[in-house]
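# Reading the structure
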Amino acid sequence: MWPDSGSDVVFEMIEREVERQNTTLQLIASENFASPAVLRASGSVLTNKYSEGYPGRRYYGGNQVIDEVESIARERLSTLFGAEHANVQPHSGANANLAVYLAVLEVGDTVLGMSLDHGGHLTHGSPVNISGRNYNFMSYGVTSSDERIDYDQVRDLALKHHPKLIVAGATSYARTIDPAPFRAIADEVGALYMFDAAHIAGLIAGGIHPSPVPYADIVTFTTHKTLRGPRGGAILCTTELASVIDKAIFPGLQGGPLEHAIAAKAVAFAEAATPEFADYASQIVQNSTELGKGLAAEGFRLVSGGSDNHLLLVDLRTFDEDLTGKQAQEVLDLAGITLNKNTVPDDPRSPFVTSGLRIGTPATTTQGMGATEMAQISKLIGRTLRHSEDHRTLSAVRSEVSELCDRFRPYAFAS
Ligand SMILES: *Cc1c(COP(=O)(O)O)cnc(C)c1O
């Protein structure tokens, strides 16, 4: 019936990727290990089905089972976050944000969002992103004193520019984002308020970070970061906005939904509602705190002095003035430590070079690592960057990393 593609070279590549994930440290703050159940749902025959529309209102036949799957995903998600309405169709976090803009803005409207080089996301108005090309984004940032969101600046800019929408949320910000002040500012200037919880959705679901749902008109997020589901996005909103949001996702922005991904989201939402997940969320933050202490002891400066969430933003300049984020990322990669370079606030270097690193604990926490391992990892990072030209150090670190990963193997299957 089908060509014999079971031995396609692609499967050998997938095996090698399993091997990489099993034997190196995954410290990219936006990554995690989805559960075998999530993987199973996302690899299912639901990928075959066309289901444009929403449960009960589809353009094609044969959607009886699909309707059940999408309905349970929506119900679980609304319950998990106590939201009035949920849309589980966004293919990604970027699409979730774009759909919101499409739903509530006209081209050229003014929006207030967090500046990219202070921790905001590309979809919050970068000139190279459709958000920045279609809308007039103004940016707020962090204070230079404590490197935390400058709510006074948010208010000043809102009063001055009268945005139609205020966007909260970040991609490299290590502190708790208080959702309440944004509501007050939005009310004062008559703006809508969107909270992009892409990174911290799992911490909110686990009850560790304050939920923006009671405050924001719309909450967007990804399902694959701390929430630990399949790659994808989701939107929560008030009943009042439900219809414009749904219409913006389909037919506004996307075609047929990825129902295999939606099934996997439903599985992940149930996992995130368990007491074990709340423990997991709290352990993520404890691990990040521990890792931060270790890195500070190695001589790195932590932007804002520490972390309240799953990530640390490390300023390399106190450790080594000449070491760039790019070099550090590359040498750590050779040692089996995977993380990403990141600008620090007011970074004199370009975003391709940077003076910082972003380091996250969601994946290692899923593996079951704790305080002892975080201390070990901070030492390995210090050692690697102190002797970055010494091959013997790199291979010694690489073996210590494999031993560590072997004791906390994420996936039992293959390699
Ligand atoms: C990751 C992220 C996104 C985009 O998610 P994708 O699924 O990669 O499109 C949007 N906003 C924020 C704040 C993010 O961190």
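## Some remarks on the site of the ligand
- Residues in contact with the ligand amount to 13 residues; listed here are only the nearest, A94, T171, D196, H199 and K225.
- Between the ligand and the protein, one listed contact pairs an oxygen atom with a backbone N or O atom of A94 at 2.8 Å.
- Here the ligand loses 86% of its free accessible area of 380 Å² to cover by the protein chains.
- By residue number, the principal contributor to the shell around the ligand is helix α4 (residues 93–104), which donates three residues.
- For the shell around the ligand, a count of residues per class yields three nonpolar, eight polar and two charged.

## With respect to the pairing of strand β8 (residues 192–196)
- Summarising burial for β8: four of the five residues are buried, a large majority.
- Where strand β7 (residues 165–168) lies against β8, four bridges are found, and the strand directions are parallel. Counterpart to A168 in the pairing with β8 is F195.
- Handedness of the β-α-β unit built from β7, helix α7 (residues 179–189) and β8 comes out right-handed.
- As paired elements, β8 and strand β9 (residues 218–222) share three bridges and run parallel to each other. Paired with D196 across the strands is T220, a residue of β9.

## Here's the deal with the packing of helix α12 (residues 325–334) against helix α14 (residues 371–386)
- For the pair α12 and α14, interaxial distance at closest approach is 10 Å and the crossing angle is 110°. If you check the angle between α12 and α14, you find them roughly perpendicular. For the pair α12 and α14, the crossing hand works out as right-handed. Contact residues: α12 offers A328, V331 and L332, while α14 offers I381, T384 and L385.

## Focus on the side chain of T222
- With respect to the secondary-structure elements, T222 resides in strand β9.
- For T222, a relative accessible area of 4% corresponds to the buried category.
- A distance of 3.0 Å separates the side chain of T222 from the backbone oxygen of A198, its partner in a polar contact.
- Each residue touching T222, except ones within four places of it in the same chain, is listed here: G93, A198, A201, L227, G232 and G233.

Conventions we followed
- Residues numbered from 1 in each chain as written.
- Predicted model: local features only at pLDDT ≥ 70, side-chain atom pairs only at ≥ 80, totals over all residues.
- Heavy atoms only, no water.
- Near = heavy atom within 4 Å.
- Polar contact = N/O pair within 3.5 Å; in protein donor to acceptor, adjacent residues only side chain to side chain.
- Areas by Shrake-Rupley, 256 points an atom, 1.4 Å probe, with all protein chains shown as cover.
- Helix = DSSP H or I, 4+ residues; strand = E, 2+ residues; numbered from the N terminus.
- Nonpolar A, V, L, I, M, F, W, Y, C, P; charged D, E, K, R; others polar.
- Buried < 20%, exposed > 50% of the residue type's maximum accessible area, 1.4 Å probe, protein only.
- Pairing = 2+ DSSP bridges.
- Right-handed = clockwise from strand over helix to strand, strands pointing away.
- Axes fitted to C-alpha atoms, helices over the stretch in contact; angles between N-to-C directions.
- Parallel < 35°, antiparallel > 145°, perpendicular 65-115°, else oblique.
- Left-handed = near helix turned anticlockwise from the far one by under 90°.
- Contact = heavy atoms within 4.5 Å.

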